[in-house]
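# Overview (structure and organization)
Each chain, written out:
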Amino acid sequence: MLRVRCLRGGSRGAEAAHLIGAVVGRAVSGWVSRTFRSTSSSAAALPLTADEPVTEHTPEDCPVCAHNEWDPLEEVIVGRAENACVPPFTVEVKANTYEKYWPFYQQYGGQTFPKDHVKKAVTEIEEMCNILQHEGVTVRRPEPIDWSVEYKTPDFTSTGMYAAMPRDILIVVGNEIIEAPMAWRARFFEYRAYRPLIKEYFRRGAKWTTAPKPTMSDELYDQDYPIRTVEDRHKLAAQGKFVTTEFEPCFDAADFIRAGTDIFVQRSQVTNFMGIEWMRRHLAPTYKIHIISFKDPNPMHIDATFNIIGPGLVLSNPDRPCRQIEMFKKAGWTVVTPPTPLIPDNHPLWMSSKWLSMNVLMLDEKRVLVDANETSIQKMFESLGIKSIKVSIRHANSLGGGFHCWTTDVRRRGTLQSYFL
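None of the values given here were measured: they were computed from a predicted structure.

## Topic: the overall build of the protein
Looking only at helices and strands, the protein features twelve helices and 19 strands. The long-range share in the protein, meaning contacts at least 24 apart out of those at least 6 apart in sequence, stands at 76%.

## Structural notes on the pattern of salt bridges
Throughout the structure, instances matching the rule amount to 25 salt bridges. When the shortest N-O distance is used, the salt bridge between Arg-80 and Glu-82 registers 3.5 Å. By relative accessible area, which is 23% here, Glu-82 ends up partly exposed. Note that Glu-200 and Arg-204 form a salt bridge whose closest N and O atoms lie 3.0 Å from each other. Overall, Glu-200 belongs to the buried group, its relative accessible area being 10%. Residue class for Arg-204 comes out partly exposed when judged on its relative accessible area of 32%.

## Digging into helix α5 (residues 115-134)
Helical geometry note: an α-helix holds 3.6 residues per turn, so side chains three or four residues apart project in the same direction. The end-to-end C-alpha distance of α5 is 29 Å, a good match for the 28 Å that 20 residues give at a rise of 1.5 Å each. Of all the residues in α5, the buried ones are His-117, Val-118, Ala-121, Val-122, Glu-124, Ile-125, Met-128, Cys-129, Ile-131 and Leu-132. Taken from the residues just after α5, Gly-136 is the one with a positive phi, measuring 90°.

## Things to note about the UniProt feature "active site" (unreviewed entry) in the protein
The positions UniProt marks with the feature "active site" (unreviewed entry) are Asp-252, His-301 and Cys-405. A compact arrangement is adopted by the annotated residues: their sequence extent is 154 residues, whereas the largest C-alpha distance between any two is 11.4 Å. Within the secondary structure layout, Asp-252 lies in the loop between α8 (230-238) and β10 (256-259). For Asp-252, a relative accessible area of 2% puts it in the buried group. Tracing the chain through its elements places Cys-405 in the loop between α12 (394-397) and β19 (407-412). For Cys-405, a relative accessible area of 4% translates into the label buried. Contacts of Cys-405, omitting those with residues within four sequence positions, involve Ala-164, Met-165, Pro-166, Arg-167, Asp-303, Asn-359 and Gly-400.

## Quick notes on the pairing of strand β3 (residues 73-78)
Along any regular strand, the residues point their side chains to alternate faces of the sheet. Most of β3 sits inside the fold, with six of its six residues counted as buried. Inspection of the sheet shows β3 paired to β19 by five bridges, in the antiparallel sense. Counted as the bridge partner of Ile-77 is Thr-408 from β19. Taken together, the three bridges between β3 and strand β4 (residues 138-140) define a ladder with parallel strand orientation. When the sheet's bridge partners are listed, Ile-77 is paired in β4 with Arg-140.

Conventions adopted
- Residues numbered from 1 in each chain as written.
- Predicted model: local features only at pLDDT ≥ 70, side-chain atom pairs only at ≥ 80, totals over all residues.
- Heavy atoms only, no water.
- Helix = DSSP H or I, 4+ residues; strand = E, 2+ residues; numbered from the N terminus.
- Contact = heavy atoms within 4.5 Å.
- Salt bridge = Lys/Arg side-chain N within 4 Å of Asp/Glu carboxyl O.
- Buried < 20%, exposed > 50% of the residue type's maximum accessible area, 1.4 Å probe, protein only.
- Expected span 1.5 Å × (residues − 1).
- UniProt positions renumbered as here; feature names shortened; annotations may be inferred.
- Pairing = 2+ DSSP bridges.

Structure below.
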């Protein structure tokens, strides 16, 4: 019997990887797996057999380990814009997008995003990867997949979307990499692009958990979710009403943000309380999950609203104030209000707001990856003693994310600590 154990700060001991979804997999049409088969995989050449010796991994050997958002970054997954498709205009997509873009989704749902725009986004992300490598960070990429292929489960039919935002689907907690179940039907099979990498990390000693995959049947969504105006959205969010129900657990990993033993999360359009409770039970007792909320008409992913950038240091969006902010101030945290974004009104942001300017990636406590065009926030970081590593990703922003969204930090050099209460 093979037993792999990784000894690293904050590890809760060896656990079996939770590989869930076989029942759903049997129901999915056979041709889906043929279409979505990975085009290449170096990990495929790494066999894992019962004949291999038991391996005790030292902390330095473990390929996956991160405890927060700011320890020195050593390895990162960067997403791909290639083959990015507009998701079909379903109820959950409507609830998470702005009204001015609804005609765009109605016209292009299931088709590729504008090719010229995607081409520019690909170039930007390639340059971002080059700069990360120049800064001493190992960069890994998901597999290219044809996201335009239609797939069918017993509960729905959809096309795919992209593998652009690894932050949405993967979260590293200690030496464990967790696959989020997701909440959009267009993202049901997104995990496939990352599986070769995850299998490689697992073979090298990391823990691997897949959260329960929701069926994404009609019962998961409020089919009559009443969205008409921004005022409607504010009112519904304040009342705790979201397009996702509590029918089954669902969450996007990007609704969680880490600060050592404390992990903060919001209930959003894509993350329900059942999903949060699953994470709470799974990570207890080492980690505490804290639910926080914001005055946000369209909560979806926490990192352009509340982005922790250092020990006791957080960027808090002034347009979406945190209702529990006094809790952080009492704990001695410094709350920084980022400046108004400079991105022009006419620049397309199909799935996000201008506040991607604060969606930054910390390379360590004194270096941050920030948009080259956002000079105001660069000055803010300078005042905090943090050096801005400038990269332009305006066209990549249009697909729904900033630097934090476009990445998942696989390994940061540090130890598990408590920074809160």
